[in-house]
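Survey of secondary and tertiary structure
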Amino acid sequence: MKRILIAVQHGDGLARPTLGKLAVLGRQKGTELELYCAIDAPVTSVSLGGSAGRRMRQQVMTRIERTVLDSLDQLAEAPALRAVAVRTAVNWDYPAHEAIVRRALAIKADMIVIETHHHARAARLMLSNTDWELIRHCPLPLLLMKPIANWQRSRNILASIDPFHSRAKPAALDKQILRSGMKFAAQLGGKLHMLHNLVPMQQFMPVGLGQPVPLGEDGGLTERQRDRAARALRRIAKATGLPSSRCHLTEGDIAANITKVALANSVAVTVMGAVSRSAIRRIFVGNTAEQLFDLLQTDVLVVKPGNFVSGIREQPSPAY
């Protein structure tokens, strides 16, 4: 990964653990980090019309842009990043998630990084609207970085795959997850682990437009299902060169199982796939994902299948 875009929220800095992890990302020769901020607050001048109003508006925008760029430059000069190639960039564009993707594609970035935040009152991870929109629409690997423990001790990667595609994932997505996992493990100097979680079939009853209500398991898992899953995992491990000690087959609650495997194997980043879903299924999967992100003590790398099309416009709105 030679070029990595770090999206910095307007008015926010980056936590010290995040800066330390960025230093690890940028340590390889030839890797460049870009601290980028999209200013997505429209500026208008109603006191003056004509050319005078336009000049005033431009002056205000220039001052804001300079202030934001100064704050990014200060971040780039943080002690943790002194040995890393870092540049900064600011522009006016909206909405923020589209601006981030546009910038990443413009500079040919290999990955986007965004720092997630915990809600102060609930002490839970609350993904922002920008986070969710990037998860849904970003065509590049997206690293959701938590401002918690650094990667000094934990640098292994856990790739969560689904070889039977029981959750409607395209077959190519597992390959993309593993490729991204291997590439990221090399970037961090860690080892790749692989996990497949078996979930007993459940029956669901839809309730209005809300989250479906589970009615209970439909027979559970059989030994035949477990054996079939184990064979599939061994086949994938052989193809990717992973030893059996780094292949994990679990069953039941996926959030609890990924958390357990991650803690037991010093995992720094969990790699997961994301695909588009219908409205009701997206509500259900989204709630599960936020619970998982909250429980995991790792960062999360979200990848899309290679044929994913984001639908984000190449050019920003004419208003900017």
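Residues numbered from 1 in each chain as written. Predicted model: local features only at pLDDT ≥ 70, side-chain atom pairs only at ≥ 80, totals over all residues. Heavy atoms only, no water.

**Considerations on the overall build of the protein chain**
The test is simple: Think of it this way: any DSSP run of H or I at least four residues long counts as a helix, any run of E at least two long counts as a strand, and we number them from the N terminus. Only protein chains enter the area calculation, which uses a 1.4 Å probe; residues under 20% of their type maximum are buried, those over 50% are exposed, and those in between are partly exposed. Residues are treated as being in contact if the distance between any of their heavy atoms lies within 4.5 Å. Here the accessible surface of atoms and residues is derived via Shrake-Rupley with a 1.4 Å probe, and residues count as covered only by protein chains that are part of the display.
Per the secondary structure count, the protein chain includes 8 helices and 14 strands. Of all 320 residues assigned to the protein chain, the portion counted as buried reaches 46%. Taking the contacts inside the protein chain whose residues are at least 6 apart along the sequence as the reference set, 78% of them involve residues at least 24 apart. With the model as given, the accessible surface of the protein chain reaches about 16,500 Å², and the carbon-plus-sulfur share is 53%.

**Considering unusual backbone geometry**
Looking along the chain, the bond that leaves tyrosine 94 and enters proline 95 is cis, with omega of -10°. Mapping proline 95 onto the fold places it in the loop between strand 3 (85-92) and helix 3 (96-106). Look at serine 266: it is not a glycine, yet its phi comes out positive at around 50°. Counting through the fold element by element, serine 266 comes out in the loop between helix 7 (254-264) and strand 13 (267-273). Overall, the relative accessible area of 36% leaves serine 266 in the partly exposed class.

**Observations concerning the nonpolar core**
Where a protein is soluble and globular, its nonpolar side chains tend to be buried together. Selection criterion: Buried residues of nine kinds, namely Ala, Val, Leu, Ile, Met, Phe, Trp, Tyr and Cys, make up a nonpolar core once their side-chain atoms join them within 4.5 Å.
Counting residues in each nonpolar core, the largest one holds 50 residues, and the members touching the most others are Leu25, Leu143, Trp151 and Phe184. A total of 6 residues in this core trace back to one element, the largest contributor, which is helix 5 (residues 171-188). In contact with phenylalanine 184, not counting residues within four places along its chain, are Met1, Leu25, Met111, Leu143, Trp151, Ile157, Val269 and Leu301. Membership of the second largest hydrophobic core comes to 36 residues, among which are Ala104, Leu140, Ala262 and Phe293.

**Here we look at helix 1 (residues 16-25)**
Counting buried positions along helix 1 yields 8 of 10 residues, so the element is predominantly enclosed. When we look at burial in helix 1, the residues that qualify are Thr18, Leu19, Gly20, Lys21, Leu22, Ala23, Val24 and Leu25.

**So, the sheet that holds strand 7 (residues 142-145)**
This is how it is decided: When DSSP finds two or more bridges between two strands, those strands count as paired. Only the stretch in contact is used when a helix axis is fitted, and all axes are lines through C-alpha atoms; the angle between N-to-C directions ranges over 0 to 180 degrees.
Strands sit in the order 3-2-1-4-7-14-13-8-9-12 across an open sheet of 10 strands; the sheet is mixed. At either margin of the open sheet sits one strand with a lone partner, and together these are strand 3 and strand 12 (247-251). Across this sheet, the average inter-strand angle for adjacent strands is 25°, counted without regard to direction. As paired elements, strand 8 (residues 156-161) and strand 13 share 4 bridges and run parallel to each other.

**Things to note about the pairing of strand 9 (residues 192-198)**
Looking along a regular strand, one sees the side chains alternate between the two faces of the sheet. When you tally the buried positions in strand 9, you get 7 out of 7 residues, the bulk of the element. Residues Leu192, Met194, His196 and Leu198 point to one face of strand 9 and His193, Leu195 and Asn197 to the other, with burial holding for every one of them. Across 5 bridges, strand 8 lies against strand 9 in parallel orientation. For serine 160, the partnering residue across the bridge sits in strand 9 and is leucine 195. Strand direction decides the pairing type here: strand 9 and strand 12, joined by 5 bridges, are parallel. Bridge pairing links leucine 195 to histidine 248 in strand 12.

**Section: the packing of aromatic side chains**
Going by this rule: Pairing of aromatic side chains here covers Phe, Tyr and the six-membered ring of Trp, requires ring centres within 6.5 Å, and sorts the geometry by plane angle: under 30 degrees stacked, over 60 edge-to-face, intermediate tilted. Only lysine NZ and arginine CZ atoms are considered, and such an atom sits over a ring when it is within 6 Å of the ring centre and within 35 degrees of the ring normal.
Taken as a whole and judged by the stated rule, the model has 1 aromatic pair. Between the aromatic rings of tryptophan 151 and phenylalanine 184, the centroid separation amounts to 6.1 Å while the plane-to-plane angle is 85°, which identifies the pairing as edge-to-face. A residue pair is termed long-range when its members are at least 10 positions apart, and tryptophan 151 in the loop between strand 7 and strand 8 and phenylalanine 184 in helix 5 qualify at 33 residues. The positively charged end of lysine 304 is found above the aromatic ring belonging to phenylalanine 308, 5.0 Å away from the centroid.

**Some thoughts on the pattern of salt bridges**
The cut-off we apply is this: Think of a salt bridge as a Lys or Arg side-chain nitrogen and an Asp or Glu carboxyl oxygen that are within 4 Å of each other.
Taken as a whole and assessed by the stated rule, the structure comprises 11 salt bridges. Among the salt bridges present, the one from glutamate 223 reaches arginine 226, with a minimum N-O distance of 3.0 Å. Of the two residues, glutamate 223 and arginine 226 both sit in helix 6 (residues 223-240), 3 residues apart, roughly one turn of that helix. Among the ionic contacts, a cluster of salt bridges with common partners joins Arg3, Glu32, Glu34, Arg87 and Arg103.

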